[in-house]
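Coordinate analysis (summary)
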Amino acid sequence: MKKICFCNLVALVLCMPIIRKTKSVKALLTSFEHSDNAISVKALIKQLHQKMNKTTVYRILERLEEDGIIHSFMDKDGLKWYARCSNCSPGHHTDSHPHFQCSDCGKIECLTFEVKIPSLPNHKIQSTNFLLIGECAECSL
Ligand SMILES: [Zn+2]
Ligand SMILES: [Zn+2]
Ligand SMILES: [Zn+2]
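Bear in mind the structure is a predicted one, so any value in this text is a computation, not a measurement. Each chain carries its own residue numbering, running from 1 in the direction its sequence is written. Starting at A for chains and at 1 for ligands, labels are handed out in the order in which the entities are written. Per-residue local features are limited, in this predicted model, to residues with pLDDT of at least 70; the limit for side-chain atom pairs, both in listing and counting, is 80 or more; totals at the level of whole chains, interfaces and linings are taken over all residues.

Quick word on the environment of Arg59
What counts is decided by this rule: A run of DSSP states H or I qualifies as a helix once it reaches four residues; a run of E qualifies as a strand once it reaches two. Both are numbered from the N-terminal end. In this scheme every C-beta is placed from the backbone, and a residue whose C-beta has 20 or more other C-beta atoms within 10 Å is buried, one with 12 or fewer is exposed, and one in between is partly exposed.
Of note, Arg59 is situated in helix H4 (residues 54–66). Given 13 C-beta atoms within a 10 Å radius, Arg59 is considered partly exposed. Considered as a pair, Arg59 and Val25 are 34 residues apart in the sequence and their alpha carbons are 9.9 Å apart.

Structural notes on the sheet that holds strand S5 (residues 108–110)
Quick reminder of the rule: Two strands make a pair as long as DSSP finds a minimum of two bridges between them. Angles shown run from 0 to 180 degrees and are taken between the N-to-C directions of axes, each axis being a line fitted to C-alpha atoms and, for helices, limited to the stretch in contact.
Within the open sheet, the three strands sit side by side as S5-S4-S6. Their pairing is mixed. Bordering the open sheet on either side are S5 and strand S6 (131–134), each of which pairs with just one other strand. Across the sheet, the mean angle from the axis of one strand to that of its neighbour is 25 degrees, orientation sign disregarded. Bridge analysis of strand S4 (residues 99–102) against S5 gives three bridges, and the strand direction is antiparallel. What sits directly across from His99, in S5, is Cys110.

Focus on the sheet that holds strand S1 (residues 39–40)
Reading across the sheet, the three strands line up as S1-S3-S2 and stay open at both edges, with antiparallel pairing between neighbours. At either end of the open sheet lies a strand with only one pairing partner, and these are S1 and strand S2 (70–74). Sheet topology places S1 next to strand S3 (residues 80–84); two bridges connect them, and they run antiparallel. Its bridge partner being in S3, Ile39 is matched across the sheet by Tyr82.

Regarding H4
Keep this limit in mind: Any helix carries an expected span of 1.5 Å times its number of residues minus one. The arc in question is the one spanned by the directions pointing from the helix axis to the C-beta atoms.
Given a rise of 1.5 Å per residue, 13 residues ought to cover 18 Å, and the 19 Å separating the end C-alpha atoms of H4 matches this to within 8%. Among all positions in H4, only Val57, Ile60, Leu61 and Leu64 are buried. Take H4 and look down its axis: the buried residues cluster within an arc of 105 degrees, on one side only. Exposed residues pointing more than 90 degrees away from the buried face of H4 are listed as Thr55 and Glu62.

As for the nonpolar core
Just so we agree on the cut-off: For the purposes of this analysis, a nonpolar core is taken to be any set of buried Ala, Val, Leu, Ile, Met, Phe, Trp, Tyr and Cys residues that are connected through C-beta atoms within 7 Å. Our contact criterion uses C-beta atoms placed from the backbone: two residues qualify when those atoms are within 7 Å.
Core analysis: the biggest nonpolar cluster contains 19 residues, and Ala38, Ile39, Ile70, Trp81, Tyr82 and Ala83 have the highest contact counts within it. Every element with two or more residues in this core is listed here: helix H2 (23–33), H4, S2, S3 and S5. Broken down by element, the residue count for this core peaks at four residues, all from H4. Beyond its immediate stretch of four places on either side in the chain, Tyr82 contacts Ala38, Ile39, Val41, Leu61, Ile70 and Ser72.

Shown next as structure tokens:
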């Protein structure tokens, strides 16, 4: 469930009229193709600085998130990260899974179990941020 085929992702994106098939969008999606884990905005900007500026990276990320392709969350330092979605649709994200951040190497994984969020009387929940911090499989060896 964690891994979705990137071919499907590209096909999905190319079918969507909302997303213009710009070079920048493709370059950004390629970054996600090469990573099974989440990517921080900081890392994306660094990775893509020769192809596009910071503002473009932010704009595309925002659009891909609105379209249900990727989701965002904060890491332990309050930095924004993005990861691929598996079953989301435009305007509707169903990612209520927690994320795991390795305190050693810093990488973040999407966890495949869902967290049931209780409904709070008189409160409207807009977003959740559930981050587990520890040592990843490689670092805890
Ligand atoms: Zn999503
Ligand atoms: Zn690690
Ligand atoms: Zn995730």
